[in-house]
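Now for the letters of each chain:
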Amino acid sequence: MLGQLERRSHTHHHPPISPTYARQILDLQEAGATEEDLHPIVAEAITESYFTEWGTRADGLRADLTHVQAIEFMF
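Trainee: Please clarify how the nonpolar core should be interpreted in this entry.
Mentor: Soluble, globular proteins show a tendency: their nonpolar side chains are buried together. In terms of nonpolar packing, the biggest core is built from 7 residues, these being Tyr21, Ile25, Leu38, Ile41, Val42, Ala45 and Ile46. Among the secondary structure elements, those contributing two or more residues to this core are α1 (19-30) and α2 (35-51). The leading source of residues in this core is α2, at 5 residues. Once residues lying within four places of it in the same chain are set aside, the contact partners of Ile46 are Pro15 and Phe51.

Trainee: Help me out: how do you make sense of the side chain of His39 in this one?
Mentor: Along the chain, His39 turns up in helix α2. Ignoring anything within four residues of it in the chain, the contact list for His39 reads Leu65, Val68 and Ile71.

Trainee: What's the story with the environment of His13 in this structure? I'm lost.
Mentor: Here His13 is to be found in the segment before α1. Remark: the alpha-carbon pair of His13 and Ile71, spanning 58 residues in sequence, is separated by 9.9 Å.

Trainee: Can you walk me through α2 in this structure?
Mentor: Turn by turn, an α-helix covers 3.6 residues, leaving residues three or four places apart pointing in a common direction. Taking 1.5 Å as the rise per residue, α2 with 17 residues should run 24 Å; its terminal C-alpha atoms sit only 21 Å apart, a clear shortfall. A bend of about 35 degrees at Ile41 is the largest found in α2. Lining the buried residues of α2 we find α1. Residue Glu53 follows α2 closely and has a positive phi angle near 45 degrees.

Trainee: Which parts of the structure should I look at to understand α1?
Mentor: Taking 1.5 Å of rise per residue, the 12 residues of α1 would be expected to cover 16 Å, and the 16 Å separating its terminal C-alpha atoms lies within 8% of that figure. Where α1 is concerned, the buried positions are Tyr21, Ala22 and Ile25. Buried residues in α1, looked at end-on, bunch into an arc of 105 degrees, giving them a common side. In α1, those exposed residues whose orientation departs by more than 90 degrees from the buried face are Pro19, Thr20 and Glu30. Of the surrounding secondary structure, the elements contacted by the buried residues of α1 are α2. One or two steps after α1, the chain reaches Gly32, where phi turns positive at roughly 95 degrees.

Reading guide: rules and limits
- Residues numbered from 1 in each chain as written.
- Predicted model: local features only at pLDDT ≥ 70, side-chain atom pairs only at ≥ 80, totals over all residues.
- Heavy atoms only, no water.
- Core = buried A, V, L, I, M, F, W, Y, C linked by side-chain atoms within 4.5 Å.
- Buried < 20%, exposed > 50% of the residue type's maximum accessible area, 1.4 Å probe, protein only.
- Helix = DSSP H or I, 4+ residues; strand = E, 2+ residues; numbered from the N terminus.
- Contact = heavy atoms within 4.5 Å.
- Expected span 1.5 Å × (residues − 1).
- Bend = angle between axes of the 7 residues up to and from the residue.
- Arc of directions from axis to C-beta.

If you want it as structure tokens, here you go:
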């Protein structure tokens, strides 16, 4: 089932991500990736930690980032 969540307000999330995804994001940034280029890998990282809680729920869920105004990373 496909679903779409649309919020008109700004939402801030601060989920932890695995070291594997952190390394991939850093490698992409060093290679000159734009924020938009990072959306797929960031969506995977957030899905793993936030939406599926490290694989303990919502098996098979996939999230896409759309209408993103900013992405900030802290490692």
